[in-house]
Amino acid sequence: MNEGLTWILAGLAGVVIGVVFFGGLWWTVQKVTSSSKGPFWFVGSFVIRMGVALGGFLLVADGHWQRVLACLVGFLVARVVVTRLTADKNPLTPEAGNAP
């Protein structure tokens, strides 16, 4: 397979892994705010999200550091996208007009 195409696919896989990881984190924070078992949600979510992320990175890498780098870039892009998409839906985020 063409190296450029391989790197693009690795980057897209990184985006998917990042959306699962950071979307899961956002979901966990939402769940914890209405649950009395917050620490269990955080620990369980962390273990699952890290397992998915590390497993995904290992599958994508297949022994090539360039694929890991492309996957990491996609992962970080997903972080920015998920953060921006969920910022308006977070009740803990202060409004700009409410700043002291």
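Residues numbered from 1 in each chain as written. Predicted model: local features only at pLDDT ≥ 70, side-chain atom pairs only at ≥ 80, totals over all residues. Heavy atoms only, no water.

Trainee: Before we go on, may I ask you to explain the packing of helix α1 (residues 3-32) against helix α3 (residues 65-86) in this structure?
Mentor: For any two helices packed against each other, one specifies the crossing angle of their axes together with the interaxial distance. Packing of α1 against α3 leaves a shortest axis separation of 6 Å and a crossing angle of 40 degrees. The angle between the axes of α1 and α3 places the two elements in the oblique class. The two elements α1 and α3 meet at a crossing, and its hand is right-handed. By residue class, the composition of the contact of α1 with α3 is 14 nonpolar, 8 polar and 2 charged. (Axes fitted to C-alpha atoms, helices over the stretch in contact; angles between N-to-C directions. Helix = DSSP H or I, 4+ residues; strand = E, 2+ residues; numbered from the N terminus. Parallel < 35°, antiparallel > 145°, perpendicular 65-115°, else oblique. Left-handed = near helix turned anticlockwise from the far one by under 90°. Nonpolar A, V, L, I, M, F, W, Y, C, P; charged D, E, K, R; others polar.)

Trainee: Please explain unusual backbone geometry as it appears in this structure.
Mentor: Here the phi dihedral of Asp62 falls at roughly 50 degrees; this positive angle occurs in a residue that is not glycine. Position of Asp62 relative to the elements: it lies in the loop between α2 (38-61) and α3.

Trainee: Is there a simple way to explain α2 in this structure?
Mentor: What sets the pattern is the α-helix's 3.6 residues per turn: residues three or four places apart point alike. In this model α2 runs 34 Å from its N-terminal to its C-terminal C-alpha over 24 residues, within 8% of the 34 Å that 1.5 Å per residue would give. Considering only its buried residues, α2 is in contact with α1 and α3. Phi turns positive one or two residues past the end of α2, at Asp62, with a value near 50 degrees. (Expected span 1.5 Å × (residues − 1). Contact = heavy atoms within 4.5 Å.)

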